[in-house]
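# Observations on chain architecture
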Amino acid sequence: MQLSSVISELLAEVSTDHLMEFNKEIAKEVRLSGSPEELRAFEYVKRTLESFGLATSLQFSDAYISLPGKAQVKVNDVEYRCITHSMAVSTPAEGISGELVYVDLGSDSHYARVDAKGKIVLIDGLAVPGAVKIAQEHGAAAALFISAAYTHEMIVSPVWGNPTPETVSMLPKIPAISVNHADGQAIKKQLESGGGQGAECWLRAEVDTGWRSIPTLLAEIPCPANSDKYVLFSGHIDSWHYGAMDNGSANATMLEVARILAENREHLRRSLRLAFWSGHSHGRYAGSAWYCDQNWEDLYENCVLHVNIDSVGAKGATVLSHSNCMAETKDLAERVVGLFSQEKYEGTRYGRAGDQSFWGTGTPSIFMGLSEQPSSLDPSAAAFAQLFGGGKAGGFGWWWHTTEDTLDKIDPEFLTRDCKIYVAAIVQACSEALIPVNQVAAIRELTQYIEDYQLQADGKIDLRKTLDRLASLEQLAQSIYRQAQTIDLSLAQLELVNEWCMELSRILVPINYVKGGLFEHDVALKQAPIPYLAEVSQLAGAQVGTDDYYMLVTLLKRRVNKINFDLKRANQLTEQVLRQLCL
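In what follows, the accompanying structure is described. (Residues numbered from 1 in each chain as written. Predicted model: local features only at pLDDT ≥ 70, side-chain atom pairs only at ≥ 80, totals over all residues. Heavy atoms only, no water.)

## As for the packing of helix H14 (residues 464–486) against helix H15 (residues 491–513)
Keep this limit in mind: Comment: axis = line fitted to C-alpha atoms, over the contacting stretch for helices; angle = value between 0 and 180 degrees taken between N-to-C directions. Numbering of helices and strands runs from the N terminus; a helix is a DSSP stretch of H or I covering at least four residues, while a strand is a stretch of E covering at least two. Roughly parallel here means an angle under 35 degrees, roughly antiparallel means over 145, roughly perpendicular means 65 to 115, and every remaining angle is called oblique. Rotating anticlockwise by less than a right angle from the far helix to the near helix defines a left-handed crossing, while the corresponding clockwise rotation defines a right-handed one. Working rule for contacts: check all heavy atoms of both residues, and any pair within 4.5 Å makes them a contact.
The interhelical angle for the contact between H14 and H15, taken along N-to-C directions, is 155°, at an axis separation of 12 Å. Taken as axis vectors, H14 and H15 run roughly antiparallel relative to one another. By crossing handedness, the relation of H14 to H15 is classed as left-handed. In contact with Leu473, Ala477, Ile480 and Tyr481 of H14, H15 contributes Val497, Trp500, Cys501, Leu504 and Leu508.

Below you can see the structure in the form of structure tokens.
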């Protein structure tokens, strides 16, 4: 049977009733990382997977988890409702006081207009790690954020997973609190009524931060060929409040995909590994980071693709065109989304978010969130549009990370649609003869970024060899794909091409997405493409002959050498495979 026919048959098996029942069971309790309530949800998922005939493994790890407690804030003795945030610092029991100053969106340029040292800063937008980091750097005593109609729970640490002696200093050092949009506007009026003088602010916050045991649940649907190669399908179970959308709907989708493929595993060429994480919301992806650390070599050698899922099936989630993908996985995303949408699929480059803990292993990724709200002028859309879909859509909904994320926010029809998209993507990834990762697209994206850096550098650093090697690699990769499409590949040749595809990903994904070492986890802050060369922007502004200029030239020459060497290896690998195909 042709794969397209198999996919059509499996899509027809997706059950709305199953999805909603799974969702209801998972979202009936608040699931804080490491809590008994979360463990009950894990155990429910485990039992359900086992009822499908799957073997499961429930593992536990020690993780640095932060659970926000009570918070209070007063401005000129007027008290406002508020929340504090995961990984923020607790205040003394008596709280802290200070002058409140407004710093707009809290960028460095906004601080240039005020003296924030020792003061409490008022910031428009969500409590994100970058804004807290900048506030600390400017000497603020605390940060008070203006959220949307509801206050959105956030984690304000940039440290990915558990801290280490090298990253512990990056944990937040100040309290962080959020008020809703209406109260934020009232606070601004208080500041304005003072004739530009700062108001007096008092705040108190409790945050319970420390080491906790958290679960990770694994299940495997083995392919008949008994291959070691697998697709990783992952999502977190921990939640803010009841988390019916984030992430109960995603967990329900994972269960329904598991049910369908467990009954139809004869169609798989590669196995499917399901992974359910804790520590996503309260430990900055502690669960997936730990799993990567424990299984690095297995991921490097055997993981074909990481498929992530977060916050699907919401009411009003009509936008399907801006979900996350890599250039090399965009074709796959476009094909499966195109089955259910007439929108032109654009895709959005990944930021440092969403359990994308596997880039150091060179594993390509597809999806995170999938469906979004349309753009709007609602304060919630403005507050977090930039966190999703490149700011081109309206995010996951005004209830995201709030007390209102309950089962009534799920649209059964959209949840079924989103589940079908994941079924189609995973069946193709597990069953297509050739791994559906387009390395030519990856090479072209890298070429565009290198050309951009070459323009920025304006002759201060030479990237011509890098571009030459990318051009050569593109031609060689195109030749491999032409060979694969025009000749009837033997099983040995098919395996050769797929091994080449995986090995090339192990080179290209880190070039495009990793700043530090392959065995580390970059921080959860905004990251430039080809982050190893991000300092080119600093070099562009450095005056020739200064210390900064000479140091940046030295740094970047060494980094360009590394990328050139990696591309040399990629060319040699591809040449070798092409010769073998042509024998």
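## Overview of the nonpolar core
As a reminder of what qualifies: Side-chain atoms within 4.5 Å link the members of a nonpolar core, which is a set of buried Ala, Val, Leu, Ile, Met, Phe, Trp, Tyr and Cys residues. Whether a residue is buried, partly exposed or exposed follows from its accessible area with a 1.4 Å probe, protein chains only, as a fraction of its type maximum: under 20%, in between, or over 50%, in that order.
Counting residues in each nonpolar core, the largest one holds 142 residues, and the members touching the most others are Leu49, Val121, Phe233, Leu272, Phe367, Trp500 and Leu533. If we skip the residues at most four places from it in the chain, Val121 touches Leu100, Val101, Val103, Tyr111, Ala116, Ala135, Ala140, Ala142, Ala143 and Leu144. Core analysis: the second largest hydrophobic core is formed by 19 residues, Ala71, Val73, Tyr80 and Leu122 among them.

## A few points about the environment of Thr56
For clarity, the threshold we go by: We define a polar contact as two N or O atoms separated by no more than 3.5 Å, with the added condition that, inside protein, one atom must be a possible hydrogen donor and the other a possible acceptor, whereas residues neighbouring each other in sequence contribute only through side-chain atom pairs.
Along the polypeptide, Thr56 turns up in strand E1 (residues 56–75). Each C-alpha atom, one on Thr56 and one on Glu220, is 7.2 Å from the other, the two residues being 164 residues apart in sequence. For Thr56, the residues in contact, after removing those within four places along its chain, are Lys46, Leu49, Glu50, Leu217, Leu218 and Ala219. Reaching out from Thr56, the side chain makes a polar contact with the side chain of Glu50 at a distance of 2.7 Å.

## Remarks on empty space enclosed by the protein
Rules: The way it works is a 1 Å grid over only the protein atoms, where trapped points that fit a 1.4 Å probe form a cavity and open points with protein on both sides within 12 Å along at least five of seven lines form a pocket, and then any residue with an atom within 4 Å of a point lines it. Grid points are joined across faces, edges and corners, and a volume is the space filled by probe spheres set on the points. Basically, the charged four are Asp, Glu, Lys and Arg, the nonpolar ten are Ala, Val, Leu, Ile, Met, Phe, Trp, Tyr, Cys and Pro, and anything else, Gly included, counts as polar.
Summed over the entire model, instances satisfying the criterion amount to 4 cavities of 30 Å³ or more. One number sums up the size of the largest cavity: a volume of about 70 Å³. Taken together, Arg352, Gln356, Ser357, Trp359, Gly360, Tyr513, Val514, Gly517, Glu520, His521 and Asp522 form the lining of the largest cavity. Here the lining of the largest cavity is composed, by residue class, of 3 nonpolar, 5 polar and 3 charged.

## Observations regarding the side chain of Asn324
Following the sequence through the fold, Asn324 ends up in the loop between strand E11 (303–308) and helix H10 (330–338). On the basis of relative accessible area, Asn324 is assigned to the buried category, the value being 9%. A distance of 3.3 Å separates a polar atom in the side chain of Asn324 from the backbone oxygen of Thr348. A polar contact is formed between the side chain of Asn324 and the backbone oxygen of Arg349, at a distance of 3.3 Å. In this view, Asn324 contacts Tyr345, Thr348, Arg349, Tyr350, Ile366, Phe367, Met368 and Gly369; residues no more than four positions away in its chain are not counted.

## Observations concerning helix H3 (residues 36–51)
The condition is simple: To estimate the expected span of a helix, subtract one from its residue number and multiply by 1.5 Å. Relevant arc is that of directions from the helix axis to the C-beta atoms, nothing else.
With 16 residues, H3 should cover 22 Å at 1.5 Å per step; its first-to-last C-alpha distance of 23 Å lies within 8% of that length. When H3 is considered as a whole, its buried residues turn out to be Glu38, Ala41, Phe42, Tyr44, Val45, Thr48 and Leu49. The arc enclosing the buried residues of H3, seen along the axis, measures out at 155°, which places them on a common side. In this structure, H3 carries Pro36, Arg47 and Ser51 as exposed residues pointing more than 90 degrees from its buried face. Just past H3, the residue Gly53 takes up positive phi, approximately 90°.

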